[in-house]
Amino acid sequence: MDIEKAFEEAYERASKTEKELAVDIKLLIYAYYKQATSGSVHQFNFPNNKDIIRAFKFNAWQQISHLTKEEAKIKYINLINSIDL
């Protein structure tokens, strides 16, 4: 399987969906995507403002920061494929 191609296709499907997803699923999608594309959250500073949404997103990313970029891509692909988009 070409992980890069599958990742791009999953991203396109997720980006174009109009389906309303549960907040926890949205956070996982965000976290896997950020880890897959940016790497470890430890390279970035915690949001220093009072934006609760950014804090939740940062926390979700931090929780999966132990994954490699490739592992995060695979998890992202599997998650998107498990959702009926």
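Not measured: the values here are computed from a predicted model. (Residues numbered from 1 in each chain as written. Predicted model: local features only at pLDDT ≥ 70, side-chain atom pairs only at ≥ 80, totals over all residues. Heavy atoms only, no water.)

**Structural notes on the environment of I25**
With respect to the helices and strands, the residue I25 is situated in helix α2 (residues 23-38). Not counting chain neighbours up to four residues away, the residues in contact with I25 comprise L79 and I83. (Helix = DSSP H or I, 4+ residues; strand = E, 2+ residues; numbered from the N terminus. Contact = heavy atoms within 4.5 Å.)

**Looking at the nonpolar core**
Inside soluble globular proteins, nonpolar side chains tend to come together where they are buried. Among the nonpolar cores identified, the biggest contains 23 residues, and I29, Y32, I64, Y76, I77 and I80 are the most heavily contacted of them. Excluding anything up to four places from it in sequence, Y32 contacts I64, L67, A72, K75, Y76 and L79. (Core = buried A, V, L, I, M, F, W, Y, C linked by side-chain atoms within 4.5 Å. Buried < 20%, exposed > 50% of the residue type's maximum accessible area, 1.4 Å probe, protein only.)

**Structural notes on the pattern of salt bridges**
Taken as a whole and judged by the stated rule, the model has four salt bridges. The partner of K73 in a salt bridge is E4, with the nearest N and O atoms 2.5 Å apart. Linking K73 in helix α4 (residues 69-82) with E4 in helix α1 (residues 3-16), this pair joins segments that are 69 residues apart in sequence. A relative accessible area of 12% places K73 in the buried class. E12 serves as the salt-bridge partner of K16, at 3.6 Å between the closest nitrogen and oxygen. Of this pair, K16 and E12 both sit in helix α1, four residues apart, roughly one helical turn. Under the relative-accessibility criterion, K16 is labelled exposed at 63%. Relative accessible area serves as the criterion here: at 39%, E12 is assigned to the partly exposed category. (Salt bridge = Lys/Arg side-chain N within 4 Å of Asp/Glu carboxyl O.)

**Describing the packing of α2 against helix α3 (residues 52-63)**
Between α2 and α3, the least distance of the axes is 8 Å, while the angle of their chain directions is 60°. By the angle class used here, α2 and α3 are oblique. Like other packed secondary-structure pairs, α2 and α3 cross with a definite hand, here right-handed. Packed against α2, whose contacting residues are L27, Y30, A31, K34, Q35 and S38, the element α3 presents F56, K57, A60 and W61 at the interface. Looking at the contact of α2 with α3 residue by residue, the classes come out as six nonpolar, two polar and two charged. (Axes fitted to C-alpha atoms, helices over the stretch in contact; angles between N-to-C directions. Parallel < 35°, antiparallel > 145°, perpendicular 65-115°, else oblique. Left-handed = near helix turned anticlockwise from the far one by under 90°. Nonpolar A, V, L, I, M, F, W, Y, C, P; charged D, E, K, R; others polar.)

**Overview of the packing of aromatic side chains**
By convention here, two paired aromatic rings are described through the distance between centres and the angle between planes. A full pass over the atoms with the stated rule returns four aromatic pairs. Ring centres of F7 and Y76 lie 5.0 Å apart, and the angle between their planes is 55°; on these two criteria the pair is classed as tilted. Here F7, found in helix α1, pairs with Y76, found in helix α4; they are 69 residues apart in sequence, far enough to count as distant. Look at F7 and you get buried, because its relative accessible area is 7%. For Y76, a relative accessible area of 2% translates into the label buried. (Phe/Tyr/Trp six-rings, centres within 6.5 Å; stacked < 30°, edge-to-face > 60°.)

These results come straight from atomic positions and should not be treated as a statement about function.
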